[in-house]
Amino acid sequence: MSKLGFIRRFEPVTSERLIEKSIETAEWIEQYAHEEGDTKYWDVLPGQEQEGAFLLKPTGIYGGAPGVAFFFLRLYRATGEKKYLENAKAGVNYAISRYRGTEDFLSDSDFLPGAEIGFLNGPAGGAFVASRLYEITKEEKFKDYAIRVTEDLITAAHDEDGKLFWYGQYGIIGEGSLILYLVDAYDTYGDRRYLDAAHKGAKYIVSQREEAPVGGYRWYAMDTEKFPTIGKAGGYFPGFEYGAAGSGYILSVVYEYTKDEELLETAKGAATYIQNVAVYSEDQESALVPYNDTYLKGLFYLGVCQGPVGTSRLFYKLYEITIDESYKKFILQLTRGILATGAPAKHSEGYWRTNCYCCGAAGMLEHFINIHKLTGQDEFLQAAKDAAETLIGESTYDFLKKYTNWYTQWNRHEPWKSEAYTGLYHGSAGCAASLLSLAQYLKGEDPGPSYLEDAYKNLF
């Protein structure tokens, strides 16, 4: 059946249409901007105070100003409009203005303090975007800020027997992502001390591994009795943001630079564990990995945080390193696992109405682009286009103001809450940023800048 191209809402996916929706999103976000001098931040959740909310600091990349700045950087690259670059600079300037030094790497939280100070919520996220701005603008203040944050996070860490940690919560959602940040800082600025610190952090992760009953290695991620989606003991997760896939991925990234074989051996062990707990279709074409391996074995997240999008990143990095086709095969099994559920159009228990990058269709969209680039297979480009259409279909459009945004039920344990956040990992900026990645890809251009923890960025 042909598309209803004469009705705007049903026009085919084109770069122009995707950019248009992203501009409409930028206009919606700008309603909630607060400017002072050369700084700017945006309400995390318009109309509600979010200062103390988990992962939603206004200075964090997950839901705050640096994440919105990252979106504006993508929009600048897609359009060439200087005002979007200025917005990106103002968002990072806000993070700079609020920075308190090593104090920002301290936490008195009794729940995941490593997440409180980690890349997604702490100052390193803003420093990462500052580095991307420095690469574009060559303005020294962005470089100076990134280096200051990098030095401070190393100073704030505990170095015990050559192992570096902050609070001992080593997943991507926690302080483990600071190790990835240190590698990026080494790549950007060339200071060997940053790589040495990352190596020590990786050694700490290795020291925390456990032999899994099914084979391979797993990690005890958290006391899940306190976790709102669980509420009982069982802190082992196979997935990315707070599980074995994330820990293995960090180790494999650091291995590429250090050639420390223990890191690679442990990352391979994480992969073995994940493959052994995975559930496969009868024809072996599709696979999904349970959310938790202690219980909830029938719950399958589908996005970045604990689903195939994130989990596949470990396997891509191992494929890059080893050229072992079994890792690439598992990437395709995971990707077809997403599609076999009917996602992103069809929702399920592990893919509720999360219109965001972290655990929703926006992350899937970027993944499908990456897998098309990896394989050249048309089915994955079509999947990316379908994901974009799903995202646009889930959006809310104000016909009078010409604003676009997304409402999301972010918390699986609070399905009655549907709210429109502004942020990157968790909000409308992230949804629009993924549309921009497809817009650029369809034009034959690099869809970046890439997320820090995106393994596939080397494809472009």
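Keep in mind the model is a prediction, meaning the values are calculated, not measured. (Residues numbered from 1 in each chain as written. Predicted model: local features only at pLDDT ≥ 70, side-chain atom pairs only at ≥ 80, totals over all residues. Heavy atoms only, no water.)

### Notes on the nonpolar core
Phe 71, Phe 119 and Tyr 181 are the most contacted members of the largest nonpolar core, which has 161 residues in total. In terms of residue count, helix α2 (residues 65–79) provides more of this core than any other element does, 10 residues in total. Filtering out sequence-adjacent residues up to four positions away, Phe 119 remains in contact with Ile 61, Ala 124, Gly 125, Phe 128, Gly 174, Ser 177, Leu 178, Tyr 181, Tyr 425, Leu 452 and Glu 453. (Core = buried A, V, L, I, M, F, W, Y, C linked by side-chain atoms within 4.5 Å. Buried < 20%, exposed > 50% of the residue type's maximum accessible area, 1.4 Å probe, protein only. Helix = DSSP H or I, 4+ residues; strand = E, 2+ residues; numbered from the N terminus. Contact = heavy atoms within 4.5 Å.)

### Regarding the packing of aromatic side chains
As enumerated under the stated definition, the model contains 29 aromatic pairs in all. Consider the rings of Tyr 41 and Tyr 94, whose centres lie 4.7 Å apart with planes at 25 degrees: the pair is stacked. Separated by 53 residues along the polypeptide, Tyr 41 in strand β2 (residues 39–42) and Tyr 94 in helix α3 (residues 82–98) bring together distant segments of the chain. The class of Tyr 41 is partly exposed, set by a relative accessible area of 28%. Judged by its relative accessible area of 6%, Tyr 94 falls in the buried class. Over the ring of Tyr 217 we find Arg 209; its NZ or CZ atom is 4.3 Å from the centre of that ring. The ring of Tyr 236 is capped by Arg 218, whose NZ or CZ atom sits 3.5 Å from the centre of that ring. (Phe/Tyr/Trp six-rings, centres within 6.5 Å; stacked < 30°, edge-to-face > 60°. Lys NZ or Arg CZ within 6 Å of the ring centre and 35° of its normal.)

### Let's talk about the pairing of β2
Inspection of the sheet shows strand β1 (residues 33–36) paired to β2 by 4 bridges, in the antiparallel sense. Bridge pairing in β2 links Glu 35 to Lys 40. (Pairing = 2+ DSSP bridges.)

### Digging into the packing of helix α9 (residues 244–258) against helix α11 (residues 308–322)
Packed helices, taken two at a time, are described by the angle their axes make and the gap between the axes. Two elements in contact, α9 and α11, have axes separated by 8 Å at closest approach and are oriented at 25 degrees. Here α11 runs roughly parallel to α9, going by the angle between their axes. Seen along the crossing, α9 lies across α11 with a hand that is left-handed. Judged by residue contacts, Ala 245, Gly 248, Tyr 249, Ser 252, Val 253, Tyr 255 and Glu 256 of α9 engage Thr 311, Arg 313, Leu 314, Lys 317, Leu 318, Glu 320 and Ile 321 from α11. (Axes fitted to C-alpha atoms, helices over the stretch in contact; angles between N-to-C directions. Parallel < 35°, antiparallel > 145°, perpendicular 65-115°, else oblique. Left-handed = near helix turned anticlockwise from the far one by under 90°.)

### Brief notes about the environment of Asp 159
Take Asp 159: it is sitting in strand β3 (residues 158–160). We classify Asp 159 as partly exposed; its relative accessible area is 41%. Note: C-alpha distance between Asp 159 and Ser 428 (269 residues apart in sequence) is 39 Å. Only 2.8 Å separates the side chain of Asp 159 from the side chain of Lys 200, close enough to count as a polar contact. (Polar contact = N/O pair within 3.5 Å; in protein donor to acceptor, adjacent residues only side chain to side chain.)

### Description of unusual backbone geometry
The peptide bond linking Ala 343 to Pro 344 adopts the cis configuration, its omega dihedral lying at 5 degrees. Residue placement: Pro 344 occurs in the loop between α12 (325–340) and α13 (361–375). Here the amide bond leading from Gly 448 into Pro 449 is cis, since omega sits at 5 degrees, within 30 degrees of zero. With respect to the helices and strands, Pro 449 occurs in the segment after α15 (428–442). Unlike most non-glycine residues, Asp 161 shows phi in positive territory, near 55 degrees. Here Asp 161 lies in the loop between β3 and β4 (163–165). With relative accessibility at 76%, the residue Asp 161 sits in the exposed group.

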